[in-house]
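The chain contents come next:
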Amino acid sequence: MASTEEINELLPQTQCKMCGYPNCLGYARGIIDDNASIDLCPPGGESTRVRLAAIMGVALSSERVLLPEPKKLFALIDEESCIGCTKCLVECPTDAIIGAKSRVHTTVEKWCTGCGLCVPVCPVDCIEIKDKSDSASNSLSSRTARQRYELHLQRLEKKHEDTFEQTYVTFDQGSKEEMRTIIEAVVARKNGNEDSGYKG
Ligand code: SF4
Ligand code: SF4
Ligand code: SF4
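Everything quoted here is computed from the prediction, not taken from an experiment.

1. Brief notes about helix 2 (residues 24–34)
- Listed in full, the buried residues belonging to helix 2 are Cys-24, Gly-26, Tyr-27, Ala-28, Gly-30, Ile-31 and Ile-32.
- Buried residues along helix 2 sit in contact with helix 1 (4–10) and helix 3 (45–56).
- Two residues or fewer past helix 2, Asn-35 is found with a positive phi of approximately 55°.

2. Some thoughts on the site of ligand 1
- Around ligand 1, the structure places 13 residues, and the nearest of them are Thr-14, Cys-16, Cys-19, Cys-24 and Cys-41.
- Partitioned by chemical class, the residues of the shell around ligand 1 number nine nonpolar, three polar and one charged.

3. A few points about the confidence of the model for the chain
- The predicted model of the chain has a mean per-residue pLDDT of 86, with 88% of residues at 70 or higher.
- No element of the chain has a lower mean pLDDT than helix 6 (residues 164–169), at 43, and none a higher one than helix 2, at 98.
- A low-confidence stretch, residues 162–170 (pLDDT under 50), is modelled with 18 contacts involving residues beyond four sequence positions or located in other chains.

4. Section: the site of ligand 3
- Residues in contact with ligand 3 amount to 13 residues; listed here are only the nearest, Cys-82, Cys-85, Thr-86, Cys-88 and Cys-122.
- For the shell around ligand 3, the residue count by class is ten nonpolar, three polar and no charged.

5. Remarks on the pattern of salt bridges
- A full pass over the atoms with the stated rule returns ten salt bridges.
- The closest approach of N and O atoms between Glu-9 and Arg-146, which form a salt bridge, is 3.3 Å. Here Glu-9, found in helix 1, pairs with Arg-146, found in helix 5 (residues 142–159); they are 137 residues apart in sequence, far enough to count as distant.
- Across the pair Arg-49 and Asp-39 runs a salt bridge, and its minimum N-O distance is 3.3 Å. Taken together, the positions of Arg-49 in helix 3 and Asp-39 in the loop between helix 2 and helix 3 put the pair ten residues apart, joining distant regions of the chain.
- Given the relative accessible area of 37%, Asp-39 is considered partly exposed.
- By sharing partners, the salt bridges in this structure join Glu-5, Glu-9, Arg-146 and Glu-150 into a single network.

6. Examining the pairing of strand 3 (residues 104–107)
- Across the two faces of strand 3 the burial is the same, with Val-104 and Thr-106 and His-105 and Thr-107 all buried.
- Of the strand pairs in this sheet, strand 2 (residues 97–100) and strand 3 are connected by four bridges, and their pairing is antiparallel. Opposite Ile-98, over in strand 3, you have Thr-106 as the bridge partner.
- Count of turn residues in the strand 2/strand 3 antiparallel hairpin: three residues, of which Ser-102 carries a positive phi of about 70°.

Calculation notes
- Residues numbered from 1 in each chain as written.
- Chains lettered and ligands numbered in written order.
- Predicted model: local features only at pLDDT ≥ 70, side-chain atom pairs only at ≥ 80, totals over all residues.
- Heavy atoms only, no water.
- Buried < 20%, exposed > 50% of the residue type's maximum accessible area, 1.4 Å probe, protein only.
- Helix = DSSP H or I, 4+ residues; strand = E, 2+ residues; numbered from the N terminus.
- Contact = heavy atoms within 4.5 Å.
- Near = heavy atom within 4 Å.
- Nonpolar A, V, L, I, M, F, W, Y, C, P; charged D, E, K, R; others polar.
- pLDDT = per-residue confidence, 0-100.
- Salt bridge = Lys/Arg side-chain N within 4 Å of Asp/Glu carboxyl O.
- Pairing = 2+ DSSP bridges.

In structure tokens form, the structure reads like this:
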């Protein structure tokens, strides 16, 4: 009998909720505890379904409709339209969005899984999910996505103790220097100064 942890290890860790569960761990629990179907994870594609079937000892019908393999996706923020409300930043499971409050936010592509959770929360509809299949940049590995999600949950808990700003500036998202450079660059772009170095 597979464990919840073994099932969770097979899942993509985008935390996108497309399975109907609040996160990948929730779906893993659903498979183990509630006999949930193994067909519910579009970001995992057919390869994940096959691995889930194997570990659960479920036979796959040869006549089943194959799930498409997932595309590499990322969220693109229209910096001109962003009002800096921070709603997307709080929603992002991998803390892939950074920015200057009340001014502008941007996505750090290498940390973005393309889960799409930021799109519906944006009040000015300025986030678009883009296909980066032709891009040389890799998708975030499921292991790193999970680590970042666990840190994200810890930060959300901390937010209840501190003010949002205090939590925000103590984010440990990779190099703080890199984050500062990205934020400065995006603010400079918004202000019309293109000589800001980093281009996101
Ligand atoms: S990646 Fe799959 S298991 Fe994880 S939340 Fe999305 S649909 Fe559910
Ligand atoms: S930036 Fe948006 S699409 Fe990318 S991981 Fe965060 S919430 Fe998901
Ligand atoms: S939700 Fe939209 S407007 Fe608000 S910070 Fe994010 S991208 Fe900008």
